[in-house]
Amino acid sequence: MASDDQIWLDHRTIRIDDPEDARLVPYRDVRERDLVGREGRFIAEGKVVLNVLLANAAFAVESLLVLENRLAGLLEQICLCPDDVPVYCVSRHVMDAIAGFPMHRGILAVGRRSTPCSTSQLIDALPEKSLAVVLCGISNHDNMGSIFRNAAAFEADCILMDKTSCDPLYRKAIRVSVGAALKVPFAREGSIEEIVGKLQRAGFDIYALSPSGTETIYTAQPGARTALLLGTEGEGLPKALMQKLRTVRIPMSQEFDSLNVATASGIALSRFSRFSAA
């Protein structure tokens, strides 16, 4: 005899056996469609990311697509979804056909972000003692996701990105961030010069991270309001901007190339976060 939970799941879910079903269009070929935009929508993948999505009121879940053998393990998460959120249940064959590649996690959700905050709004909302991460030209989704994960781990208050940086709500960036892209407040707009100017007017001490920095991160003494500025690998931060800011470096071997920007962000955030004094 089926349990009450199983009966409820059977009633709550919608079984779909045709990968061409029109209700599954938002999930179709997610790898390719990530790069063309979703009008404020995004794909969340996996149970851990779904938990973060459901816990943040700044985002809404529009629908779920779940592999049939993963349903029982998602009872708690499905209960948190409003009754009007459809939960589609499919076989492995249908799931892989929809996604366009083998989906090992077997859990997808279409999320929607509410009206994004502007850079100015985020800065204005920061507490008197705060740590901001500022990104210039970060275009690699793996790096973006890892930086968000590091920012969440060291409790940075926000991430501010210029318009040349990639969208942290791309599926891969969300997945690599383990959901931190849905947790850490962020804004993505304008030029890096505009962002730096707004932070300076708000009383932030800005540290530009570069292998050629004039002092190490271990001698720098961050103030109450600190911003850590990171640039893309290769070109790094604009030289004209670095000449106007305090530059710091991570001491490392001179016999090998510099650290990956995501790794560097973790080391620098560890130094500048409140945990460094613990």
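Scroll up to find the structure.
Model, not experiment: these values are computed from the prediction.

Thresholds, definitions, all that
- Residues numbered from 1 in each chain as written.
- Predicted model: local features only at pLDDT ≥ 70, side-chain atom pairs only at ≥ 80, totals over all residues.
- Heavy atoms only, no water.
- Pairing = 2+ DSSP bridges.
- Helix = DSSP H or I, 4+ residues; strand = E, 2+ residues; numbered from the N terminus.
- Axes fitted to C-alpha atoms, helices over the stretch in contact; angles between N-to-C directions.
- Contact = heavy atoms within 4.5 Å.
- Salt bridge = Lys/Arg side-chain N within 4 Å of Asp/Glu carboxyl O.
- Buried < 20%, exposed > 50% of the residue type's maximum accessible area, 1.4 Å probe, protein only.

A. Quick look at the sheet that holds strand 1 (residues 13-15). The five strands are arranged 1-4-3-5-2 in an open sheet whose pairing can be described as mixed. With partners counted over all chains shown, the strands left at the sheet margins are strand 1 and strand 2 (41-45), one partner each. Between one strand axis and the next, the sheet turns by 25° as a mean value, whatever way the strands run. As paired strands, strand 1 and strand 4 (residues 87-90) are joined by three bridges and run parallel to one another. Within strand 4, the residue paired with Arg15 across the bridge is Cys89. The strands touched by helix 3 (residues 47-55) within the sheet are strand 2, strand 3 (59-67) and strand 5 (107-113), with strand 5 carrying the most contacts at an inclination of about 25°. Each of strand 3, strand 4 and strand 5 touches helix 5 (residues 92-99); the most contacted strand, strand 3, lies at about 130° to it.

B. Spatial organisation of the pattern of salt bridges. Evaluation of the coordinates by the stated rule reveals twelve salt bridges. Among the salt bridges present, the one from Glu62 reaches Arg41, with a minimum N-O distance of 2.8 Å. Placement of Glu62 in strand 3 and of Arg41 in strand 2 is noted, with a sequence separation of 21 residues between them. Residue classification places Glu62 among the partly exposed positions, given a relative accessible area of 23%. On the basis of relative accessible area, Arg41 is assigned to the partly exposed category, the value being 35%. The salt bridge involving Glu155 is made with Arg274; its shortest N-O contact spans 2.6 Å. Here Glu155, found in the loop between helix 7 (141-153) and strand 7 (158-161), pairs with Arg274, found in the segment after helix 11 (261-272); they are 119 residues apart in sequence, far enough to count as distant. Taking the relative accessible area as the measure of exposure, Arg274 reaches 52% and is therefore exposed. Each of Glu45, Arg105, Arg171 and Arg175 takes part in one network of salt bridges that share partners.

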